[in-house]
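Below are the chains, spelled out letter by letter.
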Amino acid sequence: MGLLDVILGRSKPVRPDLDQLFAVPSAALTLQAAAGFTPTGLGSVCFAGVEGGGFARLQEDVRELLDADTGRGGIPVEFNRDAYGYTWLLARHPADDSAALVNDLHAVNTLLQDGGFGPQLLCSLIGFRDAEGRALALVYLYKRGTFYPFAPLPGDAEKRDNQLELQVRGVLGDDLRVEKDLSRWFPVGGAPGL
């Protein structure tokens, strides 16, 4: 960063740190103990769709990698496109194996990044539920290298439980790098894995 950048108030963009995802299993224990939310075993990666053969091959490589254990009872991954045109990859694991889920999400992000499609990566999320059935997601912002909680209100995925999100932020502040800028806590209602 140069002197002109400092004078004009520009900052260097945060580099993605995919290894931050590996903090989720321990954060899940904290979240369960402090707020009663347990992992659902569902997680997803969102990326902007790209046309072309290179991206299609990479998408097939991702599918092959994550579907390698389907012969041993593993659940195949699913690709979905949302109303905004973004592609979501949904991975499923047993609810008590959040480490395996995080490994899959990390692998997908890494393959896309190493394949030259890092700019298309938007976020990853890991789903949770409490005893009352309330949904919660820990959302990892790829371009910021931070997490934020997203809690849709029951029965209305478009509205959020802001109080619960702030409570979860306080609970996980020591476990995860939580996004400080609340305007970057984008709604992801209806996302696969939520």
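Preceding this paragraph is the structure being described.
Quick summary incoming for the structure in this document.

Reading the values: rules and limits
- Residues numbered from 1 in each chain as written.
- Predicted model: local features only at pLDDT ≥ 70, side-chain atom pairs only at ≥ 80, totals over all residues.
- Heavy atoms only, no water.
- Core = buried A, V, L, I, M, F, W, Y, C linked by side-chain atoms within 4.5 Å.
- Buried < 20%, exposed > 50% of the residue type's maximum accessible area, 1.4 Å probe, protein only.
- Contact = heavy atoms within 4.5 Å.
- Pairing = 2+ DSSP bridges.
- Helix = DSSP H or I, 4+ residues; strand = E, 2+ residues; numbered from the N terminus.
- Axes fitted to C-alpha atoms, helices over the stretch in contact; angles between N-to-C directions.
- Phe/Tyr/Trp six-rings, centres within 6.5 Å; stacked < 30°, edge-to-face > 60°.
- Parallel < 35°, antiparallel > 145°, perpendicular 65-115°, else oblique.
- Left-handed = near helix turned anticlockwise from the far one by under 90°.
- Nonpolar A, V, L, I, M, F, W, Y, C, P; charged D, E, K, R; others polar.

## Digging into the nonpolar core
Then, in step 1: Counting residues in each nonpolar core, the largest one holds 49 residues, and the members touching the most others are Leu31, Phe128, Val139, Leu176 and Val188.
Then, in step 2: Not counting chain neighbours up to four residues away, the residues in contact with Val139 comprise Cys123, Ser124, Leu125, Thr146, Phe147, Tyr148, Phe150 and Val188.

## Remarks on the sheet that holds strand E4 (residues 121–129)
Then, in step 1: An order of E2-E3-E1-E4-E5-E6 is seen for the 6 strands of this open sheet, with the pairing classed as antiparallel. Looking along the sheet, the strands with just one partner apiece sit at the ends: strand E2 (78–81) and strand E6 (146–150). Going from strand to strand, the sheet's axes swing by 25 degrees on average, the running direction of each strand aside.
Then, in step 2: Here E2 runs beside strand E3 (residues 86–92); their pairing, made up of 4 bridges, is antiparallel. Counterpart to Asn80 in the pairing with E3 is Trp88.
Then, in step 3: Helix H2 (residues 24–35) rests against strand E1 (38–48), E4, strand E5 (135–141) and E6 of the sheet, and its axis sits at about 35 degrees to E4.
Then, in step 4: Running at roughly 140 degrees to E6, helix H5 (residues 162–172) makes contact with E5 and E6 of the sheet.

## Re the packing of aromatic side chains
Then, in step 1: Within the structure shown, the criterion is met by 2 aromatic pairs.
Then, in step 2: Between Tyr140 and Phe147 the ring centres are 5.1 Å apart and the planes differ by 55 degrees, which places this aromatic pair in the tilted class. For the residue pair Tyr140 and Phe147, the accessibility class agrees, reading buried in each case.
Then, in step 3: With a centroid separation of 6.0 Å and an interplanar angle of 20 degrees, the aromatic rings of Tyr148 and Trp185 are classed as stacked. Of this pair, Tyr148 sits in strand E6 while Trp185 sits in the segment after H5, placing them 37 residues apart in sequence. For the residue pair Tyr148 and Trp185, the accessibility class agrees, reading buried in each case.

## Some remarks on the pairing of strand E8 (residues 156–160)
Then, in step 1: Pairing between strand E7 (residues 152–153) and E8: 2 bridges, direction antiparallel. What sits directly across from Leu153, in E8, is Asp156.

## Some remarks on the pairing of E4
Then, in step 1: Within E4, 7 of the 9 residues are buried, which leaves it mostly tucked inside the rest of the structure.
Then, in step 2: Where E1 and E4 come together, 7 bridges link them in antiparallel fashion. Residue Phe47 lies in a different strand from E4, and its bridge partner there is Leu121.
Then, in step 3: Here E4 runs beside E5; their pairing, made up of 7 bridges, is antiparallel. What sits directly across from Gly127, in E5, is Ala137.
Then, in step 4: In textbook terms, the turn of a hairpin is the stretch between consecutive antiparallel strands, and for E4 and E5 this stretch comprises 5 residues, one of which, Gly133, has a positive phi near 90 degrees.

## Quick word on the packing of H2 against H5
Then, in step 1: Where H2 contacts H5, the axes come no closer than 10 Å and their chain directions differ by 120 degrees. On the basis of their axis angle, the class for H2 and H5 is oblique. Read as a crossing pair, H2 and H5 show a hand that is right-handed. Seen from H2, the contacting residues are Ala27, Thr30, Leu31, Ala34 and Ala35; seen from H5, they are Gln167, Val168, Val171 and Leu172.
Then, in step 2: Residue composition of the contact of H2 with H5, by class: 7 nonpolar, 2 polar and no charged.

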